[in-house]
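Letter by letter, the chains look like this.
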Amino acid sequence: MYDLRSRRSWENDDAVQFRDSLRRFLATEAVPRDPTWREQKRVDRDFWRQAGELGFLCPSLPVEYGGSDTNFSFEAVIEEELGYAGITSFGHAVHGPIAAHYILRYGTPEQCLRWLPGMASGELIGAIGMTEPGGGSDLQAIRTTARRTGDRYVINGSKTFITNGQNADVIVLAVKTDPSQGARGVSMIVLETNDLAGFRRGRNLHKIGMHGSDTAELFFDDVRVPIGNLLGEEGQGFIQMMESLPQERLAIALGAQATMERAIEITVEYVNERQAFRQTLMDFQNTRFQLAECLSNACVNRAFIDQCVTQHVSGGLSTVDASIAKAWSTDRQCEVLDKCLQLHGGYGFMEEYPIARMYADARVQRIYGGANEIMKELIARALR
Ligand SMILES: Cc1cc2nc3c(=O)[nH]c(=O)nc-3n(C[C@H](O)[C@H](O)[C@H](O)COP(=O)(O)OP(=O)(O)OC[C@H]3O[C@@H](n4cnc5c(N)ncnc54)[C@H](O)[C@@H]3O)c2cc1C
């Protein structure tokens, strides 16, 4: 079998070791618990602490903030290994590479010390709140307001589709500090949800896939937050989101790539076992052609993703390349999973088969982190 998991060009020896121990951890601690998480529609808090204790949360944070002082390549390893293990329940990307990194990048040293060590240990679970019921693609048009009165912001509005929303202790929230402005009126404020008056979590939303990942509506009714919870300066939120989204998009692309690779592995195994017309499914030319196309997609995409990780680690990943990585990888992921499911026949439609869960979980990858149509708009800007 073609080796889809060979060492990455961006992996050093420490990252390889980190990958091995994370793989063992997920196999023993996450995979057996995933059916329960899917049933209860959330990951248990103790798993976050377990992951944190072993250094599997926020490894790219500096040591003084609880991390291991590594770089994005270690976060990339986590996204890939979650993909290989089939774990979509654990909202690591939102917690680490997204929420924690907003705080690291735009927070003061005091703000970093207040929240990041808890996020690295798993005591605090992070979320990012951008999307609102009125729209997610058009982030300039958000309506949640934060009005300054004395030493507080008073927040009113609502968010929806927020990953980790049911569990989150720390939410990096996009708000309008100046509703008369579009993009220039947006700011990012950190919400500490514990005993926060006026803050309410709505339903844990019922989705067609990713059942173990909690996805929530959030409501803010005169929520008072100290002005010291503002990240950076007022009015900089839109720029901060645009600067941070490439990392989020690369994390999504890495998960897509790993899932694609795993789907091919399990499908190859299946078609070599399953018999029809006194031969294995692999004996049919159609099966071989379908899988050859899947493998070609995975290999070509892998080369681009690896290039993006290398660029990002050295600080040079462009918005355009991150958008290409996100849109292309997730489109290919959905294509590959569709072909792999088809080759499983009726069993591919049964939830107990990993391919069925992977197929359902994959669909949202083309929507969140910026819909793929928005990615194409961003990519097309490079053509002007
Ligand atoms: C499971 C899940 C988890 C999520 N997690 C989070 C989270 O943690 N935090 C968060 O803030 N958000 C989260 N989201 C929200 C997600 O980012 C948004 O759903 C996404 O950005 C699309 O926004 P929307 O749903 O409002 O769709 P809309 O903005 O209404 O867009 C609908 C469709 O219209 C098309 N469209 C829109 N604008 C354009 C355009 N300019 N050009 C061409 N076509 C266009 C696209 O096809 C798009 O898919 C999550 C969503 C889901 C489903």
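Numbering of residues begins from 1 in every chain and follows the order in which that chain's sequence is written. Reporting in this predicted model follows two pLDDT cut-offs: at least 70 for local features of residues, and 80 or more for side-chain atom pairs to be given and counted; totals over whole chains, interfaces and linings ignore these cut-offs and use all residues. Hydrogens and waters are ignored; side-chain quantities use all the structure's heavy atoms.

## Concerning the packing of aromatic side chains
Centre distance within 6.5 Å is the pairing criterion for rings of Phe, Tyr and Trp, where only the six-membered ring of Trp is used; planes under 30 degrees apart are then read as stacked, over 60 as edge-to-face, and the remainder as tilted. Applying the stated rule across the entire model yields 11 aromatic pairs. Aromatic side chains F25 and F47 sit 5.3 Å apart centroid to centroid with 15° between the ring planes, which places their arrangement in the stacked category. Taken together, the positions of F25 in helix 1 (residues 13-30) and F47 in helix 3 (residues 45-53) put the pair 22 residues apart, joining distant regions of the chain. This pair shows no difference in class: F25 is buried, exactly as F47 is. These aromatic residues form a ring-pair network of at least three members: F18, F25, W37, F47, W48, F56, F74 and F90. A cation over an aromatic ring shows up here: R5 above the ring of Y84, its NZ or CZ 3.8 Å from the ring centre. For a ring to carry a charge above it, either NZ of a lysine or CZ of an arginine must fall within 6 Å of the ring centroid while also lying within 35 degrees of the normal to the ring plane. Here the guanidinium or amino end of R332 rests over the ring plane of W328, the centre of that ring lying 4.0 Å away. Numbering goes from the N terminus for both helices and strands, where a helix is a DSSP run of H or I of at least four residues and a strand is a run of E of at least two. For every residue, the accessible area (1.4 Å probe, protein chains only) is compared with the maximum for its type, and the residue is labelled buried under 20%, exposed over 50%, or partly exposed between those bounds.

## A closer look at the site of the ligand
The local shell around the ligand holds 18 residues, among which M130, T131, G136, S137 and T163 are the closest. In the model, a nitrogen atom of the ligand is placed 2.7 Å from a nitrogen or oxygen of the T131 side chain. The protein chains shown are the only cover counted for residues, whose accessible areas, like all others here, come from Shrake-Rupley with a 1.4 Å probe. Protein burial of the ligand: of its 970 Å² of free accessible surface, 66% is covered by the chains. Of all the elements in the fold, those that place two or more residues in the shell around the ligand are strand 1 (126-129), strand 3 (152-163) and helix 11 (372-380). If even one non-hydrogen atom of a residue comes within 4 Å of a molecule or strand, that residue is called near it. Here a polar contact is taken to be a pair of N or O atoms separated by no more than 3.5 Å, where protein atoms must pair a possible hydrogen donor with a possible acceptor and residues adjacent in sequence count only if both atoms sit in side chains.

## A word on the packing of helix 8 (residues 285-313) against helix 9 (residues 319-343)
Two elements in contact, helix 8 and helix 9, have axes whose closest approach is 10 Å; the angle formed by their N-to-C orientations is 155°. Taken as axis vectors, helix 8 and helix 9 run roughly antiparallel relative to one another. As for the relative orientation of helix 8 and helix 9, their crossing is left-handed in sense. Here T287, Q290, L291, E293, C294, N297, N301, F304, I305, C308 and Q311 of helix 8 lie close against helix 9, whose contacting residues are D321, I324, A325, W328, S329, R332, E335, V336, K339, C340 and L343. By residue class, the composition of the contact of helix 8 with helix 9 is 11 nonpolar, 6 polar and 5 charged. To get an axis, a line is fitted to the C-alpha atoms, and for a helix only the part in contact is used. The angle between two axes follows their N-to-C directions and goes from 0 to 180 degrees. Oblique is the label for any angle not under 35 degrees, not over 145, and not in the 65 to 115 range, which are roughly parallel, roughly antiparallel and roughly perpendicular in turn. Left-handed describes a crossing whose near helix is turned anticlockwise from the far helix through less than a right angle; right-handed describes the clockwise counterpart. Two residues form a contact once any of their heavy atoms are found within 4.5 Å. Residue polarity follows a fixed list, in which Ala, Val, Leu, Ile, Met, Phe, Trp, Tyr, Cys and Pro are nonpolar, Asp, Glu, Lys and Arg are charged, and the others, Gly among them, are polar.

## Side note on empty space enclosed by the protein
In this analysis, the protein atoms alone were mapped onto a 1 Å grid. Cavities are point sets where a 1.4 Å probe fits without being able to get out; pockets are open sets with protein on both sides within 12 Å along at least five of seven lines; lining residues have an atom within 4 Å of a point. Grid points are joined across faces, edges and corners, and a volume is the space filled by probe spheres set on the points. For the structure on display, the rule yields 1 cavity of 30 Å³ or more. Reported here for the largest cavity is a volume of approximately 50 Å³. Lining the largest cavity, in full, are L22, F25, L26, F47, A51, F56, I78, L82 and F90. Among the elements that take part in the lining of the largest cavity, helix 1 stands out by supplying 3 residues, more than any other.

## Remarks on the pattern of salt bridges
Here a salt bridge means any side-chain nitrogen of Lys or Arg lying within 4 Å of a carboxyl oxygen belonging to Asp or Glu. The final tally for this structure, using the stated rule, is 23 salt bridges. Residues R5 and E265 are paired through a salt bridge, measuring 2.6 Å at the closest nitrogen-oxygen approach. One end of the pair, R5, is in the segment before helix 1; the other, E265, is in helix 7 (residues 237-273), and 260 residues separate them in sequence. The exposure class of E265 is partly exposed, given its relative accessible area of 22%. Here E243 ties to R105 by a salt bridge, and the two come within 4.0 Å at their closest N and O atoms. Residue E243 is found in helix 7, and its partner R105 is found in helix 5 (residues 92-106); the two are separated by 138 residues along the sequence. Taking the relative accessible area as the measure of exposure, E243 reaches 35% and is therefore partly exposed. It is possible to trace a salt-bridge network through shared partners that takes in R8, E11, R19, R23, E80, E81, E261, R302 and D306.

## Considering the domain arrangement of the protein chain
These domain limits were set by an automatic method or by a database of domain assignments. Segmenting the protein chain into domains produces domain 1 (13-124), domain 2 (127-235) and domain 3 (238-381). Measuring from the centre of the C-alpha atoms in domain 1 to the corresponding centre in domain 2 gives 22 Å. Each side of the interface is counted separately: domain 1 has 24 residues, and domain 2 has 25 residues. At the boundary of domain 1 and domain 2, one finds 2 salt bridges. Of the charged contacts, one joins E192 and R114 as a salt bridge, the two residues approaching to 3.5 Å between their closest N and O atoms. Every element with two or more residues in the side of domain 1 that touches domain 2 is listed here: helix 2 (34-40), helix 3, helix 5 and helix 6 (109-121). Here the element with the most residues in the side of domain 1 that touches domain 2 is helix 5; it accounts for 7 residues.

## Thoughts on the pairing of strand 2 (residues 145-149)
In the sheet, strand 2 pairs with strand 3 via 5 bridges, with the strands oriented antiparallel. Within strand 3, the residue paired with T149 across the bridge is R152. In this description, strands pair whenever DSSP reports at least two bridges between them.

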